[in-house]
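Per-entry structural report
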Protein chains: 6
Amino acid sequence: MTRGFYIGRFQPYHNGHHNVVQSIAEEVDELVLGIGSAGDSHSQHDPFTAGERIMMITKSLVDSDLVTYAVPIEDLDRNSVWVSHVQSMSPDFDVAYSNNPLVIRLFEEAGVEVRQSPMYDRHVLEGTEVRDRMIAGDDWESLVPDAVVEVVEETGGLERIQRVSDSDSNGE
Amino acid sequence: MTRGFYIGRFQPYHNGHHNVVQSIAEEVDELVLGIGSAGDSHSQHDPFTAGERIMMITKSLVDSDLVTYAVPIEDLDRNSVWVSHVQSMSPDFDVAYSNNPLVIRLFEEAGVEVRQSPMYDRHVLEGTEVRDRMIAGDDWESLVPDAVVEVVEETGGLERIQRVSDSDSNGE
Amino acid sequence: MTRGFYIGRFQPYHNGHHNVVQSIAEEVDELVLGIGSAGDSHSQHDPFTAGERIMMITKSLVDSDLVTYAVPIEDLDRNSVWVSHVQSMSPDFDVAYSNNPLVIRLFEEAGVEVRQSPMYDRHVLEGTEVRDRMIAGDDWESLVPDAVVEVVEETGGLERIQRVSDSDSNGE
Amino acid sequence: MTRGFYIGRFQPYHNGHHNVVQSIAEEVDELVLGIGSAGDSHSQHDPFTAGERIMMITKSLVDSDLVTYAVPIEDLDRNSVWVSHVQSMSPDFDVAYSNNPLVIRLFEEAGVEVRQSPMYDRHVLEGTEVRDRMIAGDDWESLVPDAVVEVVEETGGLERIQRVSDSDSNGE
Amino acid sequence: MTRGFYIGRFQPYHNGHHNVVQSIAEEVDELVLGIGSAGDSHSQHDPFTAGERIMMITKSLVDSDLVTYAVPIEDLDRNSVWVSHVQSMSPDFDVAYSNNPLVIRLFEEAGVEVRQSPMYDRHVLEGTEVRDRMIAGDDWESLVPDAVVEVVEETGGLERIQRVSDSDSNGE
Amino acid sequence: MTRGFYIGRFQPYHNGHHNVVQSIAEEVDELVLGIGSAGDSHSQHDPFTAGERIMMITKSLVDSDLVTYAVPIEDLDRNSVWVSHVQSMSPDFDVAYSNNPLVIRLFEEAGVEVRQSPMYDRHVLEGTEVRDRMIAGDDWESLVPDAVVEVVEETGGLERIQRVSDSDSNGE
C-alpha cells in the first residue's frame, strides 16, 4: 500500500489540481491532500476557509476510486519545523508530490521522497487566474470542477472575494 | 441534508465515541468529527498525533453508510473565539453534539443548536481508562474498534504512551 | 499630574477592588485599571470577557471624580517582557499599585515605583469567593458594586459561570 | 440606548477620524473606538503605541457629550475569528461603522449591522499623509486635534517616526 | 569529531548538571548545552532568564577542555516538532544525552541516537532542592559551582526567587 | 569589565560583520553576538538556521582574544517589548552596537547606551550581495571568513539557497 501527500493552498481547488490528483492516482493507493495556510481566509489571495476547501476537494473527488483525505494544515511560519508539523497532522505517507522548490527542499532535507507533480497548463490554471476572473466577473466556472462551483455558490464565495478585493487599495 | 458536528480529543477513538457516532447517524446525513487539541501528542494525556487520530476515525468508519469528515482542530486557547475557529476549519454544520458543559455553552452563546450526545457507559469507556490500561499493560483492545488497535500497533503507539507516561513523575 | 496603574483580572470587579481604587484616588489624579488576562473568558476562573469587565469598571466608577482608563492587557506568558508590554498598552503612568509579589518584583526590576495597594478584607472579598457564591447560588451581589450586578445580569453571566463550572470535573 | 463600534489603527488619531466620530455621535449614545493593530508601534506605518493612541483619543474627546471607550485590539491575524475577537474585547455594541471592505464583509458574515462611516476628505486626511508630513518636517499639526499634538510632543513621537522611517531603506 | 547535545532547564545550573557534563566530556569532543524553556523566568519554578543561565554555564565551564555551546531553546509547546526545533537552533550534533523519558522518546522517533546521561545523586542535587533552599535561606551554595553563586549574587537572583515564590499562594 | 551587544541576522556572517567585531573588540572585554530572526531559515532572505549561524560565528572567532557569546534571538514581532526580550536572552551588557535606525531608537528609548558600529564598505559586503552571489554561482567565498565557507559546505547551504530562491517567483 502506497500513500502520497500533495500540498496546496487550494484557493480554490481547480482543474489544474484535479488533473494532478488524477495523475498521482495512477501511482498511489491513497492520497492526502494537505490544505496549506488553513487559517487564512477572506482575503483576495486566500478567499476561502479551510472548511470550504475541504468541501471543494471532497465533493470533487467523491466519485474517484482513489482513497483521499483532505487535511487542513495551519501555518507555523517556521520552515525548519514545517515537515515535522505536516507529518504530525497527516496520516503517514510514503511520498510527497510538489513542484514548489521550497517544499521540495524541505522534504528532501528531512529524508522524505519527493516527486515532481505531473505538469499541467500553468498559464490558464493557476489559482491567481481563477481568482482574478472571479473578481472581474469573467468566466471562472470552466476552470474548476463542477463541485467547486456549487460550494462557491452556497457559501457566497463570489461576493466575498469581490468585496474583500477592494481592501488592499484602500488607505485609512 | 443535515450535517452534524461532534468534537472530541479522540485520544484514542474508543467504543464510547463509536457508539455516539452510530447514534448520531440516525439523526444526520453527514457528520464532521472535529479532532480537538490537534497539535498535542506524545504525552500521557494526549499520546497520538492528529494524523494518527484521523486514521483511527477513518478506518473505524470505513464501512459506515454515514458520510464523515475527520478534521483536526488546533487549540487557540481563547474560549471567546473558539466557535468561529471551529466553524472556519469545518465544513458547514447544522447542529453540534457534545456533553461538555463549556462546549455546549460556547455553541449556545454563538447561536448554534446543540444536542446532548446520547449517553454511553462513561465509567468503562472514558479515554482516561483506555490510556491507563495501555500504560499498565492491561486489556485495552476490547474498549476500542479493531481499526484503532491496528493503527496503534502500526505507529508503535503502545510503546510511546508507556514511555512518555514516566515523564510526569520525573524531576530534574 | 500623577497617573497610577492598578492591575487585576477583575473576574469580576468587586468591592475589594473598588475600595482599593477609592483609596488610590487620594494619591493620584488619574488611574489606569489594567485588565489582566484579557483574552481569557468562559471558564470558572475567568468567566467574563474583557469587554464585560470594561463595562463593570466603567459603570462602577462613572460617578467618581477620578479620571480612569480601563485597558485590557492580553497575556504574553513571558515575565521578562511583561512590564514593557504593559507600558506599551497603557497610558504612561508614574506609579504602579499591587500586592502581588511577582508583579511588584517585575516592576521593581524595571525601575518602576510600586506601592502596596491599601489592604482590604481579603477573606471575604477575594474574587474566588465571589465566583464560588455565583456558582453555588449564594448571595454574591453584596460583594460587588451595583453596576457589576447589572452587567452580569445583562450578559447572562451568572448562568454562564454556573454552566462552565461543570467542565473541569468532566472527563471524556 | 445604542452603542456603536468604530475601528481604526489611529496612527495617529486625525481630523478625519474626529469628523467621523462627531458624525456618528448623532446616531448613537455611546461609541467604542477599537484601536486596531494595538501591538504594533515604532515603525513608519505604525509609529505610536496603543497607550499613546488611547491618550490621543481620550484627550481629543474629553469635551464631547458622547460617552466613548478607547479599547486596544491586538491582531490575531486570522480573518475568520476577527469579529469574535473584537466582540470579546469590546463592550457590547449594536452597530459597527467602517468604510473598509474587509471589515464590512467580516461583520456582515457574522450578522452584525454595518454602516458606512460618513465620508471625509480622504486625500488630505489619510493617516499616510499625516505620517509623511511628520517625517518630512512639514505641517502636520493642522491635520489633527490639538490634543494629539500634545501627546506626540510629550512622547517624543515626532523624533521617533523620523528616526525609524530610515529603517526600511537600510540594508544589512 | 563527535558533538553531543545535553538539554536541561538549568534553573539553576548545579553540581548534578556539572557532573553529567564532566562525564559526557569523556565521550565527545564538543557539547551543546540546550537551555530549555528559555523564555521562562521570574517564577519559583523558573527563576532565571536565559541570559543569566548562559552566564552560569559559560563561567562554570570556562576552565574545561571541552568545547561547549550554551544555546537557549524557547518552548514551542508542541512535542511533534520539538526535535526539529532543537535541531534548527543548535549546532549539528551526533548524540543526545538525557534521562527524561519524553525527551528520549522524541529523539528516538526522530532517529537521533540517545544515551542515558550518567546518573548522579538525584535526591540531593535536583533543581527543586536547590530552589527550595534558596527560598528557605538554607545552604544552596554547596550544591552549585562557584561561578553560579557569583551570577546569582550579581543579578539579585536570591532576592528574586524569594520574592516571587510568594505569588502562587496569593489570591486576588 | 565592559560587555557589548551586537545584533544582526548574520545570513551569513561575512567580512563586514567580522570587521565590525574586530573594531568593537578594541572597546569591550566581552561581546554578545545576538543572532536575530533566529527562527527563520530556508528562504532566499534567511537561508541558514540559527544553529548554522552559531557555528559560523564561533568558528570565525575561535582565534580571537575577545570573549564572545553567540545567542539566537527569536522574533517576537512587537517592537515595544523587543529590548526586554533581548535583555532576557542575552548575558547582561553595557553598550549596544548598531547602525540600524530602528534598533538604535528602541535601545535609546529603553535607556541603553548605543554606539554606531564602525562603518565598513557596505556596497560590497552587504548580506544581500553575498546571497546574490551564492545564488548566481559567482565568487562569494572571498566575502566571508574561511570558517563560514566550511560551514556552508558542510551543511549543503549553497545548494539550499539556490534551490529555495526559485520559490518566490513560483505561482500555484
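Residues numbered from 1 in each chain as written. Chains lettered and ligands numbered in written order. Predicted model: local features only at pLDDT ≥ 70, side-chain atom pairs only at ≥ 80, totals over all residues. Heavy atoms only, no water.

**Concerning the interface of chain B and chain A**
Every contact between the two is made by 18 residues of chain B and, on the other side, 18 residues of chain A. Buried area between chain B and chain A, both sides added, is near 1500 Å², and the carbon and sulfur share of it is 66%. The largest per-residue losses of area from chain B upon contact with chain A belong to Met 55, Glu 74 and Met 89 of chain B, which jointly make up 34% of the total buried on that side. On the surface where chain B and chain A come into contact, there are 6 residue pairs in polar contact (both at pLDDT 80 or more). (Contact = heavy atoms within 4.5 Å. Buried area = accessible area lost by both parts, 1.4 Å probe. Polar contact = N/O pair within 3.5 Å; in protein donor to acceptor, adjacent residues only side chain to side chain.)

**Focus: a negative patch on the surface**
Together, Asp 92 and Asp 94 of chain A together with Glu 141, Asp 146, Glu 150, Glu 153 and Glu 154 of chain B make up a region of like negative charge exposed at the surface. Among the secondary structure elements, Glu 153 of chain B is positioned in helix H7 (residues 146-154). (Patch = residues over 30% accessible without salt bridge, like charges linked within 9 Å, V, L, I, M, F, W, Y side chains within 5 Å. Areas by Shrake-Rupley, 256 points an atom, 1.4 Å probe, with all protein chains shown as cover. Salt bridge = Lys/Arg side-chain N within 4 Å of Asp/Glu carboxyl O. Lys, Arg positive; Asp, Glu negative; His and termini not counted. Charge placed at Lys NZ, Arg CZ, Asp CG, Glu CD. Helix = DSSP H or I, 4+ residues; strand = E, 2+ residues; numbered from the N terminus.)

**Topic: the environment of Arg 115 of chain D**
Residue and element names in this part refer to chain D. By the secondary structure assignment, Arg 115 is in strand E5 (residues 114-115). Overall, the relative accessible area of 28% leaves Arg 115 in the partly exposed class. The residues contacting Arg 115, other than those within four sequence positions of it, are Glu 27, Val 95, Ala 96, Tyr 97 and Ser 98. For Arg 115, the side chain forms a polar contact with the side chain of Glu 27, separated by 2.7 Å. (Buried < 20%, exposed > 50% of the residue type's maximum accessible area, 1.4 Å probe, protein only.)

**As for the confidence of the model for chain A**
Across chain A, pLDDT averages 92, with 92% of residues at or above 70. This prediction of the complex comes with two scores: 0.95 for pTM and 0.93 for ipTM. (pLDDT = per-residue confidence, 0-100.)

**Observations concerning the sheet that holds strand E2 (residues 30-35) of chain A**
Residues and elements named next belong to chain A. Spatial ordering of the open sheet is given by E3-E2-E1-E4-E5, a layout of 5 strands whose pairing is parallel. Edge positions in the sheet fall to strand E3 (67-72) and strand E5 (113-115), since each of these pairs with one other strand and no more. Between one strand axis and the next, the sheet turns by 25 degrees as a mean value, whatever way the strands run. Where strand E1 (residues 3-8) and strand E4 (residues 95-97) come together, 3 bridges link them in parallel fashion. Looking at E4, one finds that Tyr 6 is bridged to Tyr 97. (Pairing = 2+ DSSP bridges. Axes fitted to C-alpha atoms, helices over the stretch in contact; angles between N-to-C directions.)

**Thoughts on the environment of Asp 94 of chain B**
Residue and element names in this part refer to chain B. Summarising the element assignment, Asp 94 is placed in the loop between helix H3 (79-89) and strand E4 (95-97). Among all residues touching Asp 94, those that are not within four sequence positions of it are Met 1, Thr 2, Arg 3 and Glu 113. Side-chain polar atoms of Asp 94 contact the backbone nitrogen of Arg 3, separated by 2.7 Å.

**Observations concerning the relation of the copies chain F and chain E**
For the pair of chain copies, the relating operation is a rotation around an axis with a shift along it. Expressed as a screw operation, the relation of chain F to chain E combines 0.0 Å of axial shift with a rotation of 180 degrees, fitting to an RMSD of 0.0 Å. The relationship between the two copies is best expressed as a two-fold rotation axis. Interface residue correspondence from chain F to chain E reaches 100%, placing this contact among same-surface, isologous pairings. (Least-squares fit on C-alpha atoms with pLDDT ≥ 70 in both.)

**Some thoughts on the interface of chain F and chain E**
By a frequent convention, interface size equals the accessible area lost on bringing the separate parts together. The partner chain E presents 18 residues to the 18 residues of chain F that form the contact. Here chain F and chain E share an interface that buries about 1500 Å² over both sides, 66% of which is from carbon and sulfur atoms. By the criterion of area lost to chain E, the three top residues of chain F are Met 55, Glu 74 and Met 89 of chain F, representing 34% of everything that side buries. The interface formed by chain F and chain E holds 0 salt bridges in total. For the pair chain F and chain E, the number of links is 6 residue pairs in polar contact (both at pLDDT 80 or more). Broken down by secondary-structure element, the contributors of at least two residues to the side of chain F that touches chain E are helix H2 (50-60), strand E3 (67-72) and helix H3 (79-89) of chain F. In terms of residues, the side of chain F that touches chain E owes the most to one element, H2 of chain F, which gives 5 residues. Of the residues contributing to the side of chain F that touches chain E, the split by class is 9 nonpolar, 7 polar and 2 charged. (Nonpolar A, V, L, I, M, F, W, Y, C, P; charged D, E, K, R; others polar.)

**Some points on the packing of aromatic side chains**
Evaluation of the coordinates by the stated rule reveals 36 aromatic pairs over all chains. Taking 5.7 Å as the distance between ring centres and 80 degrees as the angle between the ring planes, the aromatic pair formed by Tyr 6 of chain B and Phe 10 of chain B counts as edge-to-face. Taking relative accessible area as the criterion, Tyr 6 of chain B reaches 5% and is therefore assigned buried. The class for Phe 10 of chain B is buried, based on a relative accessible area of 0%. These aromatic residues form a ring-pair network of at least three members: Phe 5, Trp 82, Phe 93 and Phe 107 of chain A. (Phe/Tyr/Trp six-rings, centres within 6.5 Å; stacked < 30°, edge-to-face > 60°.)

**Overview of the arrangement of the chains**
Here chain A and chain C are not in contact; the least distance found between their C-alpha atoms is 18 Å. The least C-alpha distance between chain D and chain E, which are not in contact, is 18 Å.

**Comments concerning the pairing of strand E3 (residues 67-72) of chain B**
Alignment of strand E2 (residues 30-35) of chain B against E3 of chain B, held across 6 bridges, turns out to be parallel. Residue pairing for E3 of chain B: Leu 33 of chain B is matched across the bridge by Ala 70 of chain B.

**What to know about the sheet that holds E3 of chain B**
Residues and elements named next belong to chain B. Pairing in this open sheet of 5 strands is parallel, and the strands run E3-E2-E1-E4-E5 from one edge to the other. Of all the strands in the sheet, just E3 and strand E5 (113-115) have a single pairing partner and so form its edges. In this sheet, neighbouring strand axes are inclined to one another by 25 degrees on average, regardless of whether the strands run parallel or antiparallel. Across the sheet, helix H1 (residues 15-24) lies against strand E1 (3-8), E2 and E4, angled at about 170 degrees from E1, the strand it touches most.

**Quick word on the side chain of Ser 60 of chain F**
Residue and element names in this part refer to chain F. Along the chain, the position of Ser 60 falls in helix H2. There is a polar contact of 2.7 Å between the side chain of Ser 60 and the backbone oxygen of Met 56. Excluding residues that lie within four positions of it along the chain, Ser 60 makes contacts with Tyr 13, His 18, Pro 145, Ala 147 and Val 148.

**Side note on helix H8 (residues 157-164) of chain F**
Those residues of H8 of chain F not exposed but buried are Gly 157, Arg 160, Ile 161 and Val 164 of chain F. Buried residues of H8 of chain F fall within an arc of 90 degrees about the axis and therefore sit on the same side. On the buried face of H8 of chain F, the contacting elements are helix H4 (101-109) of chain A together with H2, helix H6 (127-136) and helix H7 (146-154) of chain F. (Arc of directions from axis to C-beta.)

**Digging into helix H2 (residues 50-60) of chain B**
Each turn of an α-helix holds 3.6 residues, which means side chains three or four residues apart point in the same direction. Burial analysis of H2 of chain B places 9 of its 11 residues in the buried class, which makes it a mostly covered element. Considered for burial, the residues of H2 of chain B that qualify are Ala 50, Gly 51, Glu 52, Arg 53, Ile 54, Met 55, Met 56, Ile 57 and Ser 60 of chain B.

**Focus on the pairing of strand E2 (residues 30-35) of chain F**
Residues and elements named next belong to chain F. Most of E2 sits out of view: 6 of its 6 residues are buried. With burial as the criterion, each face of E2 is covered, one bearing Glu 30, Val 32 and Gly 34 and the other bearing Leu 31, Leu 33 and Ile 35. In the sheet, strand E1 (residues 3-8) pairs with E2 via 6 bridges, with the strands oriented parallel. Its bridge partner lying in E2, Gly 8 is registered against Ile 35. In this region the chain leaves E1, passes through helix H1 (residues 15-24) and returns to the parallel neighbour E2; the handedness of that crossover is right-handed. Crossover E2 to E3 through H2 is right-handed. (Right-handed = clockwise from strand over helix to strand, strands pointing away.)

**A look at the pattern of salt bridges**
Under the definition given, this model contains 78 salt bridges over all chains. Residue Arg 160 of chain A pairs with Glu 52 of chain A through a salt bridge whose shortest N-O separation is 2.7 Å. Here Glu 52 of chain A lies in helix H2 (residues 50-60) and Arg 160 of chain A lies in helix H8 (residues 157-164), a separation of 108 residues in the sequence. Overall, the relative accessible area of 11% leaves Glu 52 of chain A in the buried class. Its salt-bridge partner being Arg 9 of chain C, residue Asp 46 of chain C comes within 2.9 Å of it at the nearest N-O pair. Here Arg 9 of chain C lies in the loop between strand E1 (3-8) and helix H1 (15-24) and Asp 46 of chain C lies in the loop between strand E2 (30-35) and helix H2 (50-60), a separation of 37 residues in the sequence.

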